[in-house]
Amino acid sequence: MRSDDTDPVDTRLGARLAELRTEYGYSLGELADRSGVSRSTLSRAERAEISPTASLLNRLCAVYGRTMSQLLSEVEAEPAPVVRTADQPVWQDQASGFVRRSMSPPHPALRGELVEARLAPGADIAYDRPPVTGLEQHIWVLEGALDVTVESTEHHLGAGDCLRMRVWGPTRFRCAAPEGVRYLLAVVRP
């Protein structure tokens, strides 16, 4: 049951997830089979009883053919050409210590977006598949260190390093710095 202190973004996100499931004509069981997420977790996310994790959203984005930024932008107001710092949506995955600020949210006429990401010390996030197959990503480490595994190849990135890749399979992001890591992620849809 929703409490009065439920985050409004989680409420709008839950409603959007329910709308997408309806638009695609999936039952909770069908979506669970396609995403690998349990029916109960999907139901609780749609009712905003839980705040979905980055991993859960990634699985749903893969089913719906969207990037995470696209999905999150769908629960925000229409993006303006200039996005002021105070207007850049921030989303946080409390469970993993992942904070994501959408500096340049997706726009229907554009294929690219910019995201500032922060991982807490010890944070380790694994994605079993890309949200969109062949997604182009550029990861530029601003502070700290980040270990990124793309399929079976691991890359250790320090401040100033940039990794360019197309995502076809599993990826993993691990904070390799005791003070955490801050990086810029440029995402370009295929």
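That block above? That's the structure.
Rules used in this analysis
Residues numbered from 1 in each chain as written. Predicted model: local features only at pLDDT ≥ 70, side-chain atom pairs only at ≥ 80, totals over all residues. Heavy atoms only, no water. Helix = DSSP H or I, 4+ residues; strand = E, 2+ residues; numbered from the N terminus. Buried < 20%, exposed > 50% of the residue type's maximum accessible area, 1.4 Å probe, protein only. Contact = heavy atoms within 4.5 Å. Pairing = 2+ DSSP bridges. Axes fitted to C-alpha atoms, helices over the stretch in contact; angles between N-to-C directions.

Focus on the overall build of the protein chain
Okay, step 1: From N to C terminus, the protein chain includes 5 helices and 10 strands.
Okay, step 2: When its C-alpha atoms are laid out on the principal axes, the protein chain stretches across 45 × 35 × 35 Å.
Okay, step 3: Scored against the burial criterion, the 190 residues of the protein chain give a buried share of 47%.
Okay, step 4: Counting only contacts in the protein chain whose residues sit at least 6 apart along the sequence, the fraction spanning at least 24 positions is 66%.

Some remarks on the sheet that holds strand 3 (residues 112–119)
Strand pairing in a sheet relies on backbone hydrogen bonds. The paired strands run either parallel or antiparallel.
Okay, step 1: Taking strand neighbours across the sheet as the criterion, the 6 strands line up as 1-2-3-10-5-8 in an open arrangement whose pairing is antiparallel. Only two strands of the sheet have a single partner each, and these edge strands are strand 1 (90–93) and strand 8 (162–167). Strand after strand, the sheet turns through a mean of 20 degrees between neighbouring axes, direction not considered.
Okay, step 2: Pairing of strand 2 (residues 98–104) with strand 3 involves 6 bridges; the strand directions are antiparallel. Counted as the bridge partner of Phe98 is Leu119 from strand 3.

Quick notes on unusual backbone geometry
Okay, step 1: Within the chain, Ala48 stands out as a residue other than glycine whose phi angle is a positive 60 degrees.
Okay, step 2: One can find Ala48 in the loop between helix 3 (39–46) and helix 4 (54–64).
Okay, step 3: Given the relative accessible area of 8%, Ala48 is considered buried.
Okay, step 4: Look at Glu151: it is not a glycine, yet its phi comes out positive at around 55 degrees.
Okay, step 5: Looking at the secondary structure, you find Glu151 in the loop between strand 6 (145–150) and strand 7 (153–158).
Okay, step 6: Classification of Glu151 by relative accessible area gives partly exposed; the value is 46%.

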